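# Observations on the model geometry
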Amino acid sequence: MSTNRLFKSKVGLIAATVGSAVGLGNIWRFPAETQANGGAAFLLLYICCIFMLGISVMLAEFSLGRGGRSDSVTVFNKLSPGKSWWLVGAAGILASCLIACFYMVVEGWTLQYFWNSLTGDLYAGADLSNSAAADEFFTGKMTDYIFSPLQPVIFTALVILINLGVLMGGVQKGIERLSNVLMPVLFVVLVVLCCVTLSLPGASAGVEWFLSPDFSKITPMTVVNALGQCFFSLSLGMGILITYGAYYPSDTRLTRTSVIVACMTLLVALLVGFVIFPAVASFGLSDHSLRGVTLVFQTLPEVFARIPGTQLWSILFFFLLFAAALTSTVSSTEVIIAFLQDKFGMSRLKACCVALLPLLPCSALCSLSFSSLRGFTIFGLNLFDFLDTVSTNIMLPLVAIGVCVYIGWFAPRGLLKSQLSNEGTIRSRITGFVIFVVRYLAPVLIATILITNFI
Ligand code: PFF
């Protein structure tokens, strides 16, 4: 692999990996899951999942990528030629393609809201005289922006072209440079928003709710949801960490990197909690306002409309969301691009076009799931929800199990150990623990999620 496909600096590789991890999963999915699963009890479970399981699976993916130094399919062929393990990598690529299809649509919505915050259209003529009127106003906006056929398609196409522009720059000048700029900005914006919402009257009730665990709410399903959230938010099972692992220089300390990435991802989730829950508590918004699309595209604009500096906070928030989504989608499309470059020897430019241009019609169809194609369903789900369900609930766990079983039992002997110790040049104190998790704990627990999801 040529040196310009390696990350250039330690900060850059951490920024890029955190960029992939921090996305709509943390900013949007996390508060909704926390709210539905008992607040702090869910948070504690999520933290346990990250440290007991997530970091080890992450290390398995990094080791695989750096050990084979190629895309997520070729890596298996290189390490175990003539075997069928490459199918695990191929499933990861397929998962990345499917996720990119619907995630680009949501990224388009964030860009659209960012744009409409800038122009002021999102708040023009807002009626805040009572909560019913405000609800109606922002539901109307959501219908105009998201549930109409034309605008979402245009913005989805726009974000695909933005992704194309970044990815054509390559690993160092595209992905790494983008993450180096956007990640610090994202943290600053989040801290500023936190200060704003924490200073709202009545905010402390939200903080208290977020931080006081109600253990009676914990059910087997809560554990499954926390595990699912851990996997999605750390970008596990998508081939992303295998691909990024291949771009890590040989002296990168994998254990330290994975702990930093996990802690930063968790920090973002906590900060998001401190933005959302105090704000919702302060304005007495109802529980349903945290569900799905409503949280980000209706409840939060309503919150911003009620505080001084409406437009500024709205611009900052939707920029934050767009930045988080962009650094995630570049990582999932990089999985496809790396495959096209390594397997078919394509030039970077050609690989970028082949990976991204077919997403234009596919994502456009997905975005129509909420308007013209509303009546088109597969197993009772619209196209958007179908892709989301198949990739997140079925493919990610399957790929993660495949990677763990392969690394734990079938990969060349000592691969994990030698990667964690940089070929024996450094000490990694958690190697024994990681091997135990990858061999036993992770496959059993992930299989449990998969089966529970089916049921
Ligand atoms: N960790 C990412 C998130 O939480 O949003 C997962 C992800 C989703 C990565 C979609 C890449 C992607 F295109």
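A brief look at the structure comes next. Nothing here was measured: the structure is a model prediction, and the numbers come from that model.

### Some points on the overall build of the protein
For the protein, the count of helices and strands is 19 helices and two strands. For the protein, the C-alpha radius of gyration of 21 Å lies close to 23 Å, the compact-globule estimate for 455 residues. Along the three orthogonal principal directions, the C-alpha set of the protein runs to about 70 × 50 × 45 Å. For the protein, the share of sequence-separated contacts (at least 6 apart) that also reach a separation of at least 24 residues comes to 82%. Of the accessible surface of the protein, which amounts to about 17,200 Å², a share of 68% is contributed by carbon and sulfur atoms. For the protein, the centre of its 25 positive side-chain charges and the centre of its 20 negative side-chain charges are spaced 18 Å apart.

### Focus: the site of the ligand
Taken together, the neighbourhood of the ligand is formed by 17 residues, with A21, Y103, F232, S235 and S332 sitting nearest. Separating a nitrogen atom of the ligand from a backbone N or O atom of A21 is a distance of 2.7 Å. Residue L24 places a main-chain N or O atom 3.2 Å away from an oxygen atom belonging to the ligand. Secondary-structure elements contributing two or more residues to the shell around the ligand are helix 1 (10-21), helix 2 (24-36), helix 5 (86-119), helix 10 (220-233) and helix 14 (310-344).

### Details of the packing of aromatic side chains
Evaluation of the coordinates by the stated rule reveals 33 aromatic pairs. Seen in terms of ring centroids, F7 and Y244 are 5.4 Å apart; in terms of plane orientation they differ by 85 degrees. Their pairing is edge-to-face. You can see F7 sitting in the segment before helix 1 and its partner Y244 sitting in helix 11 (residues 240-246), a full 237 residues away along the chain. Here the two residues F7 and Y244 agree in accessibility, since each one is buried.

### Notes on helix 8 (residues 170-198)
Residues spaced three or four apart along an α-helix point in a common direction, a consequence of the helix completing one turn every 3.6 residues. The terminal C-alpha atoms of helix 8, which comprises 29 residues, lie 40 Å apart, in line with the 42 Å expected from a rise of 1.5 Å per residue. Largest kink in helix 8: about 30 degrees, centred on E176.

### Details of unusual backbone geometry
In the Ramachandran plot, R69 falls in the positive-phi region, its phi being about 45 degrees despite a non-glycine side chain. Along the chain, R69 falls in the loop between helix 3 (40-68) and helix 4 (74-79). Phi at N422 takes a positive value of approximately 45 degrees, unusual for a residue other than glycine. Note on placement: N422 falls in the loop between helix 18 (415-420) and helix 19 (431-454). For N422, a relative accessible area of 8% puts it in the buried group.

### A short note on helix 12 (residues 254-282)
In this model, helix 12 (29 residues) spans 42 Å end to end at C-alpha, consistent with the 42 Å of a helix rising 1.5 Å per residue. At the exit of helix 12 stands G284, carrying a positive phi of roughly 60 degrees.

### Thoughts on the nonpolar core
The nonpolar side chains of a soluble globular protein tend to be buried, and buried together. Judged by nonpolar contacts, the single largest core of 163 residues is most densely connected at L64 and F317. With 18 residues, helix 14 is the single largest residue contributor to this core. Non-local contacts of L64, meaning those with residues more than four positions away in its chain, are made with V75, F76, L79, I242, V403, Y406, I407 and L415.

### Focus: the packing of helix 7 (residues 150-168) against helix 14
Viewed as axis vectors pointing N to C, helix 7 and helix 14 meet at an angle of 65 degrees, and their least axial separation amounts to 10 Å. Considering the relative orientation of helix 7 and helix 14, their crossing is right-handed. Mapping the contact onto sequence places V159, I162, N163, V166 and L167 in helix 7 and F322, L326, T329, V330, T333, E334 and I337 in helix 14. In terms of residue class, the contact of helix 7 with helix 14 is built from eight nonpolar, three polar and one charged.

The rules behind these values
Residues numbered from 1 in each chain as written. Predicted model: local features only at pLDDT ≥ 70, side-chain atom pairs only at ≥ 80, totals over all residues. Heavy atoms only, no water. Helix = DSSP H or I, 4+ residues; strand = E, 2+ residues; numbered from the N terminus. Rg over C-alpha atoms; globule rule 2.2 N^0.38 Å. Contact = heavy atoms within 4.5 Å. Areas by Shrake-Rupley, 256 points an atom, 1.4 Å probe, with all protein chains shown as cover. Lys, Arg positive; Asp, Glu negative; His and termini not counted. Charge placed at Lys NZ, Arg CZ, Asp CG, Glu CD. Near = heavy atom within 4 Å. Polar contact = N/O pair within 3.5 Å; in protein donor to acceptor, adjacent residues only side chain to side chain. Phe/Tyr/Trp six-rings, centres within 6.5 Å; stacked < 30°, edge-to-face > 60°. Buried < 20%, exposed > 50% of the residue type's maximum accessible area, 1.4 Å probe, protein only. Expected span 1.5 Å × (residues − 1). Bend = angle between axes of the 7 residues up to and from the residue. Core = buried A, V, L, I, M, F, W, Y, C linked by side-chain atoms within 4.5 Å. Axes fitted to C-alpha atoms, helices over the stretch in contact; angles between N-to-C directions. Left-handed = near helix turned anticlockwise from the far one by under 90°. Nonpolar A, V, L, I, M, F, W, Y, C, P; charged D, E, K, R; others polar.

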